[in-house]
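# Commentary on secondary and tertiary structure
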Amino acid sequence: MNKFLIRKLDFPKDSPALYKFLDTDEVDILKKVPELMRDKISKCHVAIIDSCPVGWVLTHFSYPKSLSWEDDNDTNHFFAKGNCYLGNLDVHESFRRKGIANALLKKSYQSARHSNRSQIWLHVNTENKPAIQLYESLEWKREKLVTPSWYKSGSMFLYNKRLDDINA
Ligand SMILES: CC(C)(COP(=O)(O)OP(=O)(O)OC[C@H]1O[C@@H](n2cnc3c(N)ncnc32)[C@H](O)[C@@H]1OP(=O)(O)O)[C@@H](O)C(=O)NCCC(=O)NCCS
């Protein structure tokens, strides 16, 4: 198995390789990450194999206005005291099933704990079986089925994980 390491995003160094496997929407988000990190709104980590990024996770700690989110009740709740939100998680398809997403998620939990957050939230498409299996295997709790107006590709589950009991 290829060994990987997880570290903070180094945008100038990492972005060319990330652009090659992220979809268009994710690339648009990634381009805004330096500003989000500078303003302490978000933290971003990458998985590296042989000096090359093969996965990323983006965690938001306050409302990321520059991503043009809609200001609904759930969204406001994600950034209420003690909460944060996992915006993106992706692993290059050649490197899946090696524990990389699991390790990126652990890094996200660590960042959240470090920022005194006790809960983390995310949305996942109801058809995304690999991701649902991932979150269920890591004891994320399915809160509800949602069909927000901003989402154009079907329904999503809203998942939540409490971080109080994690030794991060
Ligand atoms: C979902 C995704 C991030 C998983 O990444 P990964 O690095 O392959 O995941 P891991 O190797 O850490 O998997 C951990 C566990 O998740 C579950 N899992 C992951 N992929 C799975 C799959 N294709 N089928 C079934 N279970 C899966 C398994 O329980 C796995 O443990 P195991 O390999 O010991 O059985 C990856 O498939 C991906 O990037 N998908 C496209 C982007 C995406 O859907 N992101 C999530 C948006 S909410």
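Residues numbered from 1 in each chain as written. Predicted model: local features only at pLDDT ≥ 70, side-chain atom pairs only at ≥ 80, totals over all residues.

What follows covers the overall build of the chain. From N to C terminus, the chain includes five helices and seven strands. Each helix and strand of the chain, ordered N terminal to C terminal, gives the series β-α-α-β-β-α-β-α-β-α-β-β. Scaling as 2.2 N^0.38, a compact globule of 168 residues should have a C-alpha radius of gyration of about 15 Å, and the chain matches this with 15 Å. C-alpha extents for the chain along the principal axes are approximately 40 × 35 × 30 Å. For the chain, the proportion of its 168 residues judged to be buried stands at 30%. Here the analysis covers contacts within the chain between residues at least 6 apart in sequence; of these, 67% occur between residues at least 24 apart. (Helix = DSSP H or I, 4+ residues; strand = E, 2+ residues; numbered from the N terminus. Rg over C-alpha atoms; globule rule 2.2 N^0.38 Å. Buried ≥ 20, exposed ≤ 12 C-beta atoms within 10 Å, placed from the backbone. Contact = placed C-beta atoms within 7 Å.)

The next thing to look at is the nonpolar core. If you look at the biggest cluster of nonpolar residues, it comprises 35 residues, and the most contacted ones within it are A47, W56, V57, Y85, I100, L104 and I120. The set of elements that each furnish at least two residues to this core consists of α2 (24–38), β2 (42–49), β3 (52–60), β4 (83–91), α4 (100–114) and β5 (119–125). Per-element tally for this core: the top contributor is α4, with six residues. Leave out the neighbours within four places in its chain, and V57 touches H45, L86, N88, L89, L104, L105, K107 and S108. (Core = buried A, V, L, I, M, F, W, Y, C linked by C-beta atoms within 7 Å.)

With that settled, consider the pairing of β2. Within β2, seven of the eight residues are buried, which leaves it mostly tucked inside the rest of the structure. Where β2 and β3 come together, eight bridges link them in antiparallel fashion. In the strand pairing of β3, K43 is matched with T59. Between β2 and β3, which pair antiparallel in sequence order, lie two residues; one of them, D50, sits at a positive phi of approximately 50 degrees. (Pairing = 2+ DSSP bridges.)

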